[in-house]
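Listed below are the residues making up each chain.
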Amino acid sequence: MSFDEEWSAARATAAAGVTMRLNQAPADPGGGAGGADLALDQDQIGAVGSEAYKLHSRLQTDGKHAATATAEAAAALTREGFASGAALLKAGNLWETQVKTLVAACATVSNGLNYSLSSHAKDEQQLHADFTASAIDKYLK
């Protein structure tokens, strides 16, 4: 069998199992009844925000506990003429950069979720006040 024949056969086999679906989701996506993909209540959002804050706090201290020892070891190795001193210092600096990035990401998640909770609560209060003051309220009772 030539390469072209083998390639054509492989393409035909691959194309036979391909299906296409456009602009629709499966009738039952699984995960329970209802059409919602994601449903979170205020307690769940608050719990995630709280855990992000805890991680942020721990990373600020625990992520830096080896910084002094690493810098001292790198300096000692460099003084003794070992090339690994510069490499260790570079690894320590990279670690510090990574920890700062992760701390910032945790803060972003925590602050974003806290903002979402307070913003949603304010929106709910405003909607309640608007409906109570409107003529629609008497039809909803």
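It should be noted that the structure appears before, not after, this text.
So, here is what we can say about the structure in this document.

How each quantity is defined
Residues numbered from 1 in each chain as written. Predicted model: local features only at pLDDT ≥ 70, side-chain atom pairs only at ≥ 80, totals over all residues. Heavy atoms only, no water. Salt bridge = Lys/Arg side-chain N within 4 Å of Asp/Glu carboxyl O. Helix = DSSP H or I, 4+ residues; strand = E, 2+ residues; numbered from the N terminus. Buried < 20%, exposed > 50% of the residue type's maximum accessible area, 1.4 Å probe, protein only. Phe/Tyr/Trp six-rings, centres within 6.5 Å; stacked < 30°, edge-to-face > 60°. Expected span 1.5 Å × (residues − 1).

### A few points about the pattern of salt bridges
Moving on, step 1. Counted under the stated rule, the structure contains 3 salt bridges.
Moving on, step 2. Notably, a salt bridge pairs Lys54 with Glu51, separated by 3.2 Å at the nearest N-O pair. On the criterion of helical spacing, the pair formed by Lys54 and Glu51 is a turn pair, its members being 3 residues apart in helix H2 (residues 42–62).
Moving on, step 3. The exposure class of Lys54 is partly exposed, given its relative accessible area of 45%.
Moving on, step 4. With a closest N to O distance of 3.3 Å, Glu96 and Lys100 form a salt bridge. Note that Glu96 and Lys100 are positioned in helix H4 (residues 84–133) at a spacing of 4 residues, about one turn of the helix.

### Thoughts on the packing of aromatic side chains
Moving on, step 1. Taken as a whole and assessed by the stated rule, the structure comprises 1 aromatic pair.
Moving on, step 2. Considering the side-chain rings of Phe3 and Trp7, the 6.3 Å spacing of their centres and the 10 degrees angle between planes classify their relative orientation as stacked. Placement of the pair is Phe3 and Trp7 together in helix H1 (residues 3–16), with a separation of 4 residues, close to one helical turn.
Moving on, step 3. Using a relative accessible area of 61% as the deciding quantity, one classes Phe3 as exposed.
Moving on, step 4. You can call Trp7 partly exposed: its relative accessible area is 47%.

### Some details on helix H3 (residues 67–79)
Side chains three or four residues apart in an α-helix point the same way, a direct result of the helix having 3.6 residues per turn.
Moving on, step 1. Between its first and last C-alpha, H3 extends 18 Å over 13 residues, near the 18 Å set by a 1.5 Å rise per residue.
Moving on, step 2. A positive backbone phi angle near 85 degrees is found at Gly81, which sits one or two residues after H3.

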